[in-house]
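# Secondary and tertiary structure notes
Read off the chains here:
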Amino acid sequence: GSIEYELSAVQLPVVIVLGNSRNEAVEAAVRVAMRSAGRTDVPPCKLAFNDYKGEDLILVKKLLPAANDALSSIPKASYEALCDLAGKLNVWSTVESLFQSRKIYDDVA
């Protein structure tokens, strides 16, 4: 995608991957993961996703693996703790996918 282009075209010396654990998309992905796992302590959606099923949103689908991994790692964790961990896991997943990108590897090597 766009980051691969930037790394090869501009040859950036450093890439910083940032994450956010308390945004609507991460929170929606964690709610979907919790509901799918049968948790009954899922908080209601309080913001923009009220009119949509969380699992149908593209960004939530991309974050769902991190939310599921967070829930698998600490199944009895609070919603807030799961959001925090899902945000961190998503950052690490992004970093891993960048390292595995053949285009980036070929340009750096």
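Everything below is about the structure printed above this text.
Residues numbered from 1 in each chain as written. Predicted model: local features only at pLDDT ≥ 70, side-chain atom pairs only at ≥ 80, totals over all residues. Heavy atoms only, no water.

Think of an α-helix as turning once every 3.6 residues; residues three or four places apart then point the same way. Given a rise of 1.5 Å per residue, 13 residues ought to cover 18 Å, and the 18 Å separating the end C-alpha atoms of helix 2 (residues 24-36) matches this to within 8%. With 10 of 13 residues buried, helix 2 is to be regarded as a mostly interior element. Inspection of helix 2 places Ala25, Val26, Glu27, Ala28, Ala29, Val30, Arg31, Val32, Ala33 and Met34 among the buried residues, and these make up the whole buried set. On its buried face, helix 2 sits against helix 3 (58-73) and helix 4 (79-100). The N-cap of helix 2, judged by a side-chain oxygen 3.0 Å from the amide nitrogen of Ala25 a few residues on, is Asn23. With its phi angle positive at about 85°, Gly38 sits one or two positions after the end of helix 2. (Helix = DSSP H or I, 4+ residues; strand = E, 2+ residues; numbered from the N terminus. Expected span 1.5 Å × (residues − 1). Buried < 20%, exposed > 50% of the residue type's maximum accessible area, 1.4 Å probe, protein only. Contact = heavy atoms within 4.5 Å. Polar contact = N/O pair within 3.5 Å; in protein donor to acceptor, adjacent residues only side chain to side chain.)

In this structure, Val30, Ala67 and Leu82 are the most contacted members of the largest nonpolar core, which totals 21 residues. Mapped onto this core, the elements with two or more residues apiece are helix 2, helix 3 and helix 4. Per-element accounting of this core gives the leading share, 8 residues, to helix 2. The contact partners of Val30, leaving out residues within four places of it in the chain, are Ala67, Tyr79, Leu82, Cys83 and Ala86. (Core = buried A, V, L, I, M, F, W, Y, C linked by side-chain atoms within 4.5 Å.)

Before going further, it helps to examine the packing of helix 2 against helix 4. Axis separation between helix 2 and helix 4 bottoms out at 9 Å; the angle between their running directions is 115°. The way helix 2 lies across helix 4 gives a crossing that is right-handed. Side by side, helix 2 and helix 4 meet where Val26, Glu27, Val30, Arg31 and Met34 of the first sit next to Tyr79, Leu82, Cys83, Ala86 and Gly87 of the second. Tallied by class, the residues present in the contact of helix 2 with helix 4 amount to 7 nonpolar, 1 polar and 2 charged. (Axes fitted to C-alpha atoms, helices over the stretch in contact; angles between N-to-C directions. Left-handed = near helix turned anticlockwise from the far one by under 90°. Nonpolar A, V, L, I, M, F, W, Y, C, P; charged D, E, K, R; others polar.)

The next subject is the pattern of salt bridges. Scanning all chains against the criterion turns up 1 salt bridge. Measuring nitrogen to oxygen at the nearest pair gives 2.8 Å for the salt bridge that ties Arg39 to Asp41. Relative accessible area serves as the criterion here: at 17%, Arg39 is assigned to the buried category. For Asp41, a relative accessible area of 43% translates into the label partly exposed. (Salt bridge = Lys/Arg side-chain N within 4 Å of Asp/Glu carboxyl O.)

Taken together, Val14, Ile16 and Leu18 make up a surface patch of nonpolar side chains, about 380 Å² in accessible area. Judged by its relative accessible area of 68%, Ile16 falls in the exposed class. (Patch = residues over 30% accessible without salt bridge, like charges linked within 9 Å, V, L, I, M, F, W, Y side chains within 5 Å. Areas by Shrake-Rupley, 256 points an atom, 1.4 Å probe, with all protein chains shown as cover.)

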